[in-house]
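Listed below, chain by chain, are the residues.
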Amino acid sequence: MPRVLVTGASQGLGTEVARRLAEAGYEVVVHGRDAARSEVARARVPGAVASVTGRLDSLASTRLLGDDARGRGPYDVIVHNAALGPDQDRAILTEDGLERILQVNVVAPYLLSTMLSLPQRIVFVGSDAAFSGSPAVDLAPPDPWDGHAAYAGSKLLLTMLAFELAHRHTDRQINVVHPGWVRTRMGGPRAALPLSDGADTPVWLATSDEAIARRGGQYVHRRRAEAAPAAAHDPALRARLIARLAEVTGEHLR
Ligand SMILES: NC(=O)c1ccc[n+]([C@@H]2O[C@H](COP(=O)([O-])OP(=O)(O)OC[C@H]3O[C@@H](n4cnc5c(N)ncnc54)[C@H](OP(=O)(O)O)[C@@H]3O)[C@@H](O)[C@H]2O)c1
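Residues numbered from 1 in each chain as written. Predicted model: local features only at pLDDT ≥ 70, side-chain atom pairs only at ≥ 80, totals over all residues. Heavy atoms only, no water.

A. Layout of helix 7 (residues 235–249). Its 15 residues give helix 7 an end-to-end C-alpha distance of 21 Å, which sits within 8% of 21 Å, the value for a rise of 1.5 Å per residue. What helix 7 keeps buried is the set Leu237, Arg238, Leu241, Ile242, Leu245, Ala246, Val248 and Thr249. Buried positions along helix 7 lie against helix 3 (59–71), helix 4 (100–115) and helix 5 (147–168). The distance from a side-chain oxygen at the start of helix 7 to the backbone nitrogen of Ala236 is 3.1 Å, and the residue carrying that oxygen is Asp234. (Helix = DSSP H or I, 4+ residues; strand = E, 2+ residues; numbered from the N terminus. Expected span 1.5 Å × (residues − 1). Buried < 20%, exposed > 50% of the residue type's maximum accessible area, 1.4 Å probe, protein only. Contact = heavy atoms within 4.5 Å. Polar contact = N/O pair within 3.5 Å; in protein donor to acceptor, adjacent residues only side chain to side chain.)

Here it is in structure tokens:
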């Protein structure tokens, strides 16, 4: 059966996506930030075949995760789901000198993408917040600080990264999904959708043979390709982002 890696599988959408993929017979490798969270992911995704561990707010820890994940690959599908939400009342610099939301949501998926062999499908879990984000390709945090702007900007940069990868590898299905406003820790209890609805399109993109799921370079919501943020279609801007990501990680994207 196809093998899939799901980041951030210890709660929320990641757990639900991983659980469904395991139920569908996929060999699911779940990710948690540390050993305890990886155990939680294993317990919540009973069909998972393995877990991998590493923090996404540290380049060193993300590298260890990449090594760990490589040892349990290769993968047919990778779901980059883990992320930090906007609820941060100040900019927090990581040990790498990067703003934490940007590091977890953009730098970490970039680094993992450089370390793992390219799967047939990649599902980047983005957000419609990207439409209000500013394409700060230098990875500078909003000044003055605004957690929502940082989150929106990170999801815009993630969308740009996904579109660049899709542009380079047109034979792969590399897409961004907006799951909707979902009741998770990040979405909060008043969110419109239950987990099952939020996980539907990510799982469909990971597994389906329908036309849209067999294409790449799309921003997908409710199983439909929708217009992506303009910056995702700007090759020059994407090139500046990729150059900056290469600079901060020391790794080049294929
Ligand atoms: N919920 C929504 O309404 C909504 C809307 C649009 C987009 N999204 C996107 O959907 C995805 C899943 O969100 P969610 O709502 O399920 O969020 P969530 O419940 O907060 O779960 C986030 C996951 O990411 C992991 N994570 C966060 N920081 C990490 C770090 N530094 N190192 C390793 N793992 C880390 C968390 O691990 P721990 O369990 O250890 O904290 C958790 O597994 C995200 O990409 C989010 O941006 C969500």
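Next comes the rest of the description.
B. Quick look at the environment of Ser132. Relative to the helices and strands, Ser132 resides in the loop between strand 5 (121–125) and helix 5. The spatial distance from the C-alpha of Ser132 to the C-alpha of Gln120 is 30 Å, given a sequence separation of twelve residues.

C. Quick peek at the packing of aromatic side chains. Per the stated rule, a full pass over the model turns up one aromatic pair. Summarising the aromatic geometry, the rings of Phe131 and Tyr219 are spaced 5.3 Å apart at their centres and angled 90° between planes, so their arrangement reads as edge-to-face. With a gap of 88 residues between them, Phe131 in the loop between strand 5 and helix 5 and Tyr219 in strand 7 (residues 219–221) connect regions that are remote in the sequence. (Phe/Tyr/Trp six-rings, centres within 6.5 Å; stacked < 30°, edge-to-face > 60°.)

D. Region of interest: the site of the ligand. Lining the immediate environment of the ligand, one finds 31 residues, of which Ser10, Arg37, Tyr151, Val182 and Thr184 sit closest. One of the side-chain nitrogen or oxygen atoms of Gln11 is found 2.8 Å away from an oxygen atom of the ligand. The backbone of Leu56 places a nitrogen or oxygen atom 2.9 Å from a nitrogen atom of the ligand. Starting from 890 Å² of accessible surface for the ligand in isolation, the protein chains cover 97%. More than half of the atoms of the ligand fall within 2 Å of the grid points belonging to the largest pocket. Going through the elements one at a time, helix 1 (12–23) and helix 5 are the ones with two or more residues in the shell around the ligand. When its residues are assigned to classes, the shell around the ligand shows twelve nonpolar, 13 polar and six charged. (Near = heavy atom within 4 Å. Areas by Shrake-Rupley, 256 points an atom, 1.4 Å probe, with all protein chains shown as cover. 1 Å grid on protein atoms, 1.4 Å probe; cavity = no way out; pocket = protein on both sides within 12 Å on 5 of 7 lines; lining within 4 Å. Sits in = over half its atoms within 2 Å of the grid points. Nonpolar A, V, L, I, M, F, W, Y, C, P; charged D, E, K, R; others polar.)

E. Spatial organisation of the pairing of strand 1 (residues 3–6). Direction of pairing for strand 1 relative to strand 2 (residues 27–32): parallel, over a ladder of four bridges. If you follow Val6 over to strand 2, its bridge partner there is Val30. Note that the unit made of strand 1, helix 1 and strand 2 has a crossover that is right-handed. Relative to strand 4 (residues 77–80), strand 1 runs parallel, the two sharing three bridges. Among the inter-strand pairings, Val4 is bridged to a residue of strand 4, identified as Val77. (Pairing = 2+ DSSP bridges. Right-handed = clockwise from strand over helix to strand, strands pointing away.)

F. Seen up close, empty space enclosed by the protein. Scanning all chains against the criterion turns up three cavities of 30 Å³ or more. The volume enclosed by the largest cavity comes to roughly 50 Å³. As for the largest cavity, its lining consists of Thr7, Leu56, His80, Asn81, Ala82, Val104, Ala108, Pro109 and Leu112. With four residues, the top contributor of residues to the lining of the largest cavity is helix 4. Considered class by class, the residues forming the lining of the largest cavity number six nonpolar, three polar and no charged. (Points joined across faces, edges and corners; volume = space filled by probe spheres on them.)

G. Examining the nonpolar core more closely. In this structure, Phe124, Leu139, Leu157, Met160 and Leu245 are the most contacted members of the largest nonpolar core, which totals 35 residues. Looking at this core element by element, the count peaks at nine residues for helix 5. For Leu139, the contacting residues outside a window of four places in its chain are Leu98, Leu102, Val107, Leu157, Leu241, Arg244, Leu245 and Val248. Core analysis: the second largest hydrophobic core is formed by 29 residues, Val17, Ala18, Tyr26 and Ala213 among them. (Core = buried A, V, L, I, M, F, W, Y, C linked by side-chain atoms within 4.5 Å.)

H. Region of interest: helix 3. Helix length check: helix 3 (13 residues) gives 18 Å between terminal C-alpha atoms against 18 Å at 1.5 Å per residue, within 8%. Here helix 3 has its buried residues at Leu59, Ser61, Thr62, Leu65, Gly66 and Ala69. Along the axis of helix 3, the buried residues cluster in a sector spanning 155°; they form a single face. Helix 3 presents Leu64 and Gly71 as exposed residues on the side facing more than 90 degrees away from its buried surface. Close packing links the buried residues of helix 3 with strand 1, strand 2, strand 3 (50–53), helix 4 and helix 7. Of the residues flanking the start of helix 3, the one acting as N-cap is Ser58, its side-chain oxygen 3.3 Å from the backbone nitrogen of Ala60. (Arc of directions from axis to C-beta.)

What is shown is where atoms sit, not what they do.
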